[in-house]
Amino acid sequence: MVNAEAPQRRVEYLPPSDGDIYNYARHICEQLASNGDTACNRLEVVGGLAEFMQLAGRIQAKYLNRSQIG
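Description of the structure in this document. Since this is a predicted model, take the numbers as computed values, not measurements.

1. Structural notes on the side chain of Q54
You can see Q54 is positioned in helix 2 (residues 43–66). Overall, the relative accessible area of 15% leaves Q54 in the buried class. The residues touching Q54, leaving out its near neighbours within four places in the chain, are D18 and I21.

2. With respect to the nonpolar core
Formed by I21, A25, C29, C40, V46, A50 and M53, the largest nonpolar core amounts to 7 residues. Elements with a contribution of two residues or more to this core: helix 1 (18–34) and helix 2. Look past the residues within four positions of A25 in its chain and what remains in contact with it is V46, L49, A50 and M53.

3. Regarding helix 1
Here helix 1 is 17 residues long and its end C-alpha atoms lie 24 Å apart, about the 24 Å a rise of 1.5 Å per residue gives. On the buried face of helix 1, the contacting elements are helix 2. Backbone geometry just after helix 1 places G36 at a positive phi near 115°.

4. A look at the pattern of salt bridges
One pass over the structure, following the stated rule, counts 2 salt bridges. Across the salt bridge formed by E30 and R26, the nearest N and O atoms sit 3.7 Å from each other. Placement of the pair is E30 and R26 together in helix 1, with a separation of 4 residues, close to one helical turn. For E30, a relative accessible area of 38% puts it in the partly exposed group. With a closest N to O distance of 3.1 Å, R42 and E44 form a salt bridge.

Definitions and cut-offs
Residues numbered from 1 in each chain as written. Predicted model: local features only at pLDDT ≥ 70, side-chain atom pairs only at ≥ 80, totals over all residues. Heavy atoms only, no water. Helix = DSSP H or I, 4+ residues; strand = E, 2+ residues; numbered from the N terminus. Buried < 20%, exposed > 50% of the residue type's maximum accessible area, 1.4 Å probe, protein only. Contact = heavy atoms within 4.5 Å. Core = buried A, V, L, I, M, F, W, Y, C linked by side-chain atoms within 4.5 Å. Expected span 1.5 Å × (residues − 1). Salt bridge = Lys/Arg side-chain N within 4 Å of Asp/Glu carboxyl O.

Now the structure itself:
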């Protein structure tokens, strides 16, 4: 049974860690390279994708935290 008088805890959204994002970007680029697009496996491409995903993750977390009611 849920206590109706218990205060609601605010959820704080956090972006994934930079290391996790970089590893994911590297994995994506390796898959693309194995499918024939070998240019995707260059460090500049992996780094650029990781930076983009880091920025997008920070923006999304900030948006979700600001849009909460309370």
